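# Observations on the three-dimensional arrangement
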Amino acid sequence: MPHFYTAPRVTVLARPVFTQPEHLPVNWIGDSTDGEKLAEFAGRLCYMSQKNPASRTTAEYLENIKKQGHGSVFEHANYSLLLEGVSRSLTHELVRHRAGFAYSQLSQRYVDESDAAFVIPPAIIGDDALVDAWKQQIESAQATYIALVDKLMARYQWVDDKVHRRKMAREAARGVLPNSTETKIVVTGNVRAWRTMLELRSAEGAEFEIRRMALAVLRVLQKEAPAFFNDFEVYTAADRAESARIAYHKI
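Since we're looking at a predicted model, the values are computed, not measured. Counting of residues starts from 1 at the beginning of each chain's written sequence and follows it residue by residue. Local features in this predicted model are restricted to residues of pLDDT 70 or higher, and side-chain atom pairs are both shown and tallied only at a pLDDT of 80 or more, whereas totals for entire chains, interfaces and linings draw on every residue. The basis for every side-chain value is the complete set of non-hydrogen atoms in the structure, without hydrogens or water.

Time to look at the pairing of strand β8 (residues 242-246). Successive residues of a regular strand alternate their side chains across the two faces of the sheet. Pairing between strands is defined by DSSP: at least two bridges between the two strands are required. Helical segments are the DSSP runs of H or I of at least four residues, strand segments are the runs of E of at least two, and each set is numbered from the N terminus. Taken together, the five bridges between strand β7 (residues 232-236) and β8 define a ladder with antiparallel strand orientation. By the bridge assignment for β8, T236 is matched with E242. Between β7 and β8, which follow one another and run antiparallel, lie five residues, and R240 among them has a positive phi close to 70°.

Another aspect to go through is the pattern of salt bridges. A carboxyl oxygen of Asp or Glu within 4 Å of a side-chain nitrogen of Lys or Arg is what we treat as a salt bridge. Scanning all chains against the criterion turns up 14 salt bridges. A salt bridge links R201 to E93, with the shortest nitrogen-to-oxygen separation between them at 3.5 Å. Within this pair, whereas R201 is found in helix α6 (residues 191-201), its partner E93 is found in helix α3 (residues 88-94), the two being separated by 108 residues in sequence. Partly exposed describes any residue whose relative accessible area lies between the buried limit of under 20% and the exposed limit of over 50%, with all areas from a 1.4 Å probe on protein chains only and scaled to the type maximum. Among the residues examined, E93 registers a relative accessible area of 31% and is labelled partly exposed. Across the pair R109 and E171 runs a salt bridge whose closest N-O atoms are separated by 2.5 Å. Taken together, the positions of R109 in the loop between β4 (101-105) and β5 (118-119) and E171 in helix α5 (residues 162-173) put the pair 62 residues apart, joining distant regions of the chain. Linked through salt bridges whose partners overlap, the residues forming this network are E63, K66, R195 and D231.

Positive phi values are uncommon outside glycine, yet N52 reaches one of about 60°. Relative to the elements of secondary structure, N52 occurs in the loop between α1 (34-47) and α2 (58-68). In the Ramachandran plot, S55 falls in the positive-phi region, its phi being about 55° despite a non-glycine side chain. Note that S55 resides in the loop between α1 and α2. Accessibility expressed as a relative area gives 48% for S55, which makes it partly exposed.

Note on aromatic pairs: the rings of Phe, Tyr and Trp (six-membered ring only in Trp) are paired at centre separations within 6.5 Å, and the planes decide the class, stacked below 30 degrees, edge-to-face beyond 60, tilted for the rest. Throughout the structure, instances matching the rule amount to nine aromatic pairs. Ring plane angle 20° and centroid distance 5.8 Å describe the contact between F101 and Y103, whose orientation is recorded as stacked. Residue class for F101 comes out buried when judged on its relative accessible area of 11%. Site record: aromatic cluster; members linked through ring pairs are F4, F118 and W134.

UniProt positions are given in the numbering used here, feature names are shortened, and annotations may be inferred rather than shown by experiment. Mapped onto the present numbering, the UniProt feature "binding site: dUMP" (unreviewed entry) falls at E93, L94, V95, R96, Q105, L106, S107, Q108, R109, R174 and R201. Judged by maximum C-alpha separation, these annotated positions cover 109 residues in sequence and are scattered in space, the widest gap reaching 28.4 Å. With respect to the helices and strands, the residue Q105 is situated in strand β4. For Q105, the residues in contact, after removing those within four places along its chain, are R88, T91, T183, K184 and I185. Polar contact is defined as a pair of N or O atoms within 3.5 Å, subject to the rule that within protein one atom must be able to donate a hydrogen and the other to accept it, and that residues adjacent in sequence are counted only when both atoms are side-chain atoms. Separated by 3.0 Å, the side chains of Q105 and T91 make a polar contact. Relative to the assigned elements, L106 resides in the loop between β4 and β5. Contacts were defined at the residue level, with two residues in contact if any of their heavy atoms lie within 4.5 Å. Excluding anything up to four places from it in sequence, L106 contacts R88, V111, E113, T183 and K184.

Rendered as structure tokens:
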């Protein structure tokens, strides 16, 4: 029996490490992360205001950056996340966000999907009849995939390279797998790119699954670097699902 996901899993893989140059020390005020310090340092360099004449904390400084719309300094801070428990349907939408992002995704051509997991569409969760009908289709598709791989391995037995033969079989058989097939993807983005994606994909108009993913990512990044993402407000939308809105639009 396949495993079924009802929520994404988000893991932080990498975060900024900031090293302050000794000859340009900043008068830091308040607690902050390395990513936040990097953005503040970059912003202060533009005006050589390292002495912090306004006596702002890092959080206050970055809040002013958001108000002014000078989001370019946010591009220096990059965060890499591992997303699991998301469907290939979701990642087809996610990778449309190109500027400021890098992606590395599980390959169905190389990876055996005989024991693949699947993501239950959020819209049917809670309705046992719909979930059962959906699972029947999923299990049938996976059984067809397994049978096709076996038959194609036999069909191409004349290919001496067994690794290549497996790729030939899997790349053909994967066509029967549904968009709900679970995938794993590493996503690296700078803060400006993350903010834009999260603004769009956590909004009420976003598809349910990618909205759920965006909210999970938002909560992780708010813990990682609150000063970058504290202007997002999570609320319950008219469709009874969680959504988020942003105070400073597309900085």
